[in-house]
Amino acid sequence: MTRALWGLLAIVAAITLALWSPPALALDRTFAGSVQVDEHIAPFQPSDTYGTQFFGGFTTELSGKIAADLSEHVSANVKICYGCHGFETDMAYVDLRVVDELNFRVGRFSPSFGAFNLRHDPANHKLADKPLPYDMGRMLRLRDWNMGVLPSPFPDNGVEIDGSHWFGDMMELDWAAYAISGFKGAESSLDLDFVQSRDGNLYYVDDNKTPAGGGRIAATFRLSPNTDLTFGGSGMYGTFDPENRFSYAIFGADAWLRAGRTNVRAEWLVRRQEFSDADPTQLKYTFAPGQNFFVKHGAYVEAETPIAPGVDALARVDGLWRIGDVAAASPLTNDTFVLRYTLGASIVLAQGVRLKLTPELWQFDYADASGRKLEASMHIAVAAAF
Amino acid sequence: MTRAHGVVALVAFAAIVGCAGAVSERRDGLDVSTLPADVQSDYAVFAQRCSKCHSLARPLESGINGDAFWRMYVEKMRRQPGSGISEADTVPILRFLHWYSVERPKAAAAAESAAAAVAADAGGSGG
């Protein structure tokens, strides 16, 4: 009760400060957006996997964002995206900033988790697709894996308290803590149901009245005028089913070295996922009581460097590793992995417009219906920011 | 997929990227050698800090030309988690944005007027 009271007082204080603060100066609204069209070619994939295990052909990601500064301490952001599953509200929130170290964010937003999500917009990352831990349907054999560890972006309704502080010019510390509706899934579900979690037809409301929560802390060190090193850690916990019986816990660690315009990024995510044990026939293996969970790891290491005035070269190794029981019909085993090797180039066609070439080699530890463990694919994308 | 397929694909990819690198004259941002000497160091800070999370085209092509707005916008960017933009960095960044969005267009307009005047004079004396 005391904590709730303090929380309420803090929010009232922030709103009061916002109402007292001077109005925004000058022009106070901005519009920005991006569009990416991506042709995904997987020449060795059987044709019956198109649209089920792999989205071939053109896909378009489009976003438009309006930001309005209502005062020196209050701003609002609305971002609408269009992608493989239609329109989605990626952002619709208000920031009530008391000081740099204390900001209240309320509305719909992707909570602070990991390093990649800040760059999830196609205009802000130079490969055509996302790292596997954050994959949202562009990977091969996507139904086998139910996508990555934490498909990005992951907008949700809730409240976040965040802030940052610089210690001189040498170190920046960022933190965030949040309560959100959380992911959803049916009582009998064997994994999170990402469709249900974002589908407006099933209502954008919580399915179990219990918020999920989490937080992030990150430190950025300035090693030299042009060299930054960031370390971060994130966590999220919640229940997904209407009866609050099954939980998910996600942890992440990330590091980012930026030297000049060269970036080396590494990130690891792991999700411990409980699932229903009510019907053992829907599972492939038997397990001891209390072992009704699986663990899904995802990681990537990525290097990016300019090789000519308008050309960046990229190399990435990423993968997923899943340990635990699977659905009876799944081709996965109870200890299975996929590794992907990516070379990429990002070429400036005009100011704000890039061509992205992203060939990928896939190594699965299980064969598909045609007996293949090795796959190849290529993304050819054009992305524009405006 | 065979190993030969992989090798061919890799060679083709390297050739495409190599050609692109060789012929590309476009760049994300500005050619620093074309900037006035007193602007170059400010641009360097802007280019380093502001390209961490997004392309430089975003600010450069935004059409914004008000110092007050830039001040507010750069503050907002500085507060982004992991931005790496310190308060001290905002000084050269804002100085560059002022030059880029206010001084540079003014100088370009003055140069255009002067050129037009010269052309008019030449036309008049030539008639």
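Treat the numbers as computed from the prediction; the structure is a model and nothing was measured.

Brief notes about the overall build of chain A
Thought 1: Scanning chain A for helices and strands turns up three helices and 16 strands.
Thought 2: Taken against the 2.2 N^0.38 rule, which gives 21 Å for 386 residues, the C-alpha radius of gyration of chain A at 22 Å falls within 12% of a compact globule.
Thought 3: Seen along its three principal axes, the alpha-carbon backbone of chain A occupies a region of about 65 × 55 × 40 Å.
Thought 4: Counting all 386 residues of chain A, 41% fall into the buried class.
Thought 5: Partitioning the intrachain contacts of chain A with sequence separation of at least 6 by distance along the chain shows that 59% fall at a separation of at least 24.

Let's talk about the overall build of chain B
Thought 1: Of regular secondary structure, chain B possesses five helices and zero strands.
Thought 2: Sequence-ordered secondary structure for chain B, helices as α and strands as β, is α-α-α-α-α.
Thought 3: Every one of the 127 residues in chain B was classed for burial, and the buried ones make up 27%.
Thought 4: Sequence separation of at least 24 residues holds for 65% of the intrachain contacts in chain B that already meet a minimum separation of 6.

Structural notes on helix α2 (residues 37-50) of chain B
Thought 1: With 14 residues, α2 of chain B ought to run about 20 Å at 1.5 Å a step, and its terminal C-alpha atoms sit 20 Å apart, in line with that.
Thought 2: If you check which residues of α2 of chain B are buried, you get Asp42, Tyr43, Val45, Phe46, Gln48, Arg49 and Cys50 of chain B.

Details of the nonpolar core
Thought 1: With 38 residues, the main nonpolar core has Leu140, Leu150, Leu192, Phe240, Tyr248 and Ile250 of chain A as its most contacted residues.
Thought 2: Listing elements by their share of this core, those giving two or more residues are β7 (171-180), β10 (247-259), β12 (293-308) and β15 (353-364) of chain A.
Thought 3: Contact partners of Tyr248 of chain A, with chain neighbours within four places excluded, come to Phe183, Leu192, Gly238, Phe240, Arg271 and Gln273 of chain A.
Thought 4: In this structure, Cys50, Tyr73, Val74 and Tyr100 of chain B belong to the second largest nonpolar core, which totals twelve residues.

Digging into the interface of chain A and chain B
When the parts come together, some accessible area is lost, and that loss is often what is quoted as the size of the interface.
Thought 1: Listed as interface residues are 46 residues of chain A and, on the opposing side, 33 residues of chain B.
Thought 2: When residues in the side of chain A that touches chain B are grouped by element, the largest group, six residues, is from strand β14 (residues 335-350) of chain A.
Thought 3: Its residues placed into classes, the side of chain A that touches chain B shows 27 nonpolar, nine polar and ten charged.

Considering the environment of Val94 of chain A
All names here are of chain A.
Thought 1: When you line up the elements, Val94 lands in strand β4 (residues 86-99).
Thought 2: Val94 gets classed as partly exposed once you count the C-beta atoms within 10 Å, which come to 17.
Thought 3: For the pair Val94 and Val159, spaced 65 residues apart in sequence, the C-alpha separation works out to 9.9 Å.
Thought 4: Beyond its immediate chain neighbours, meaning those up to four positions away, Val94 contacts Val74, Ala76, Val106 and Gly107.

Regarding the confidence of the model for chain B
Residues and elements named next belong to chain B.
Thought 1: Counting all residues, the mean pLDDT for chain B is 84, and 78% of those residues have values of 70 or more.
Thought 2: Helix α1 (residues 3-23) is the least confidently modelled element of chain B, averaging 63 in pLDDT, while α2 averages 95, the highest of any element.
Thought 3: ipTM for the predicted complex: 0.82, alongside a pTM of 0.88.

Side note on the pairing of strand β1 (residues 29-41) of chain A
All names here are of chain A.
Thought 1: Note: β1 against strand β2 (residues 57-69), twelve bridges, orientation antiparallel. Each residue of the ladder has a partner; that of Phe31, found in β2, is Ile66.
Thought 2: Across eight bridges, β1 lies against strand β16 (residues 374-385) in antiparallel orientation. From the neighbouring strand, His40 faces β16, where its bridge partner is His379.

Considerations on the confidence of the model for chain A
Thought 1: Put simply, chain A has an average pLDDT of 90, and 93% of its residues get 70 or more.
Thought 2: Put simply, helix α1 (residues 2-20) of chain A is where chain A has its lowest mean pLDDT, 60, and strand β11 (residues 262-274) of chain A is where it has its highest, 98.

About the thresholds
- Residues numbered from 1 in each chain as written.
- Chains lettered and ligands numbered in written order.
- Predicted model: local features only at pLDDT ≥ 70, side-chain atom pairs only at ≥ 80, totals over all residues.
- Helix = DSSP H or I, 4+ residues; strand = E, 2+ residues; numbered from the N terminus.
- Rg over C-alpha atoms; globule rule 2.2 N^0.38 Å.
- Buried ≥ 20, exposed ≤ 12 C-beta atoms within 10 Å, placed from the backbone.
- Contact = placed C-beta atoms within 7 Å.
- Expected span 1.5 Å × (residues − 1).
- Core = buried A, V, L, I, M, F, W, Y, C linked by C-beta atoms within 7 Å.
- Nonpolar A, V, L, I, M, F, W, Y, C, P; charged D, E, K, R; others polar.
- pLDDT = per-residue confidence, 0-100.
- Pairing = 2+ DSSP bridges.

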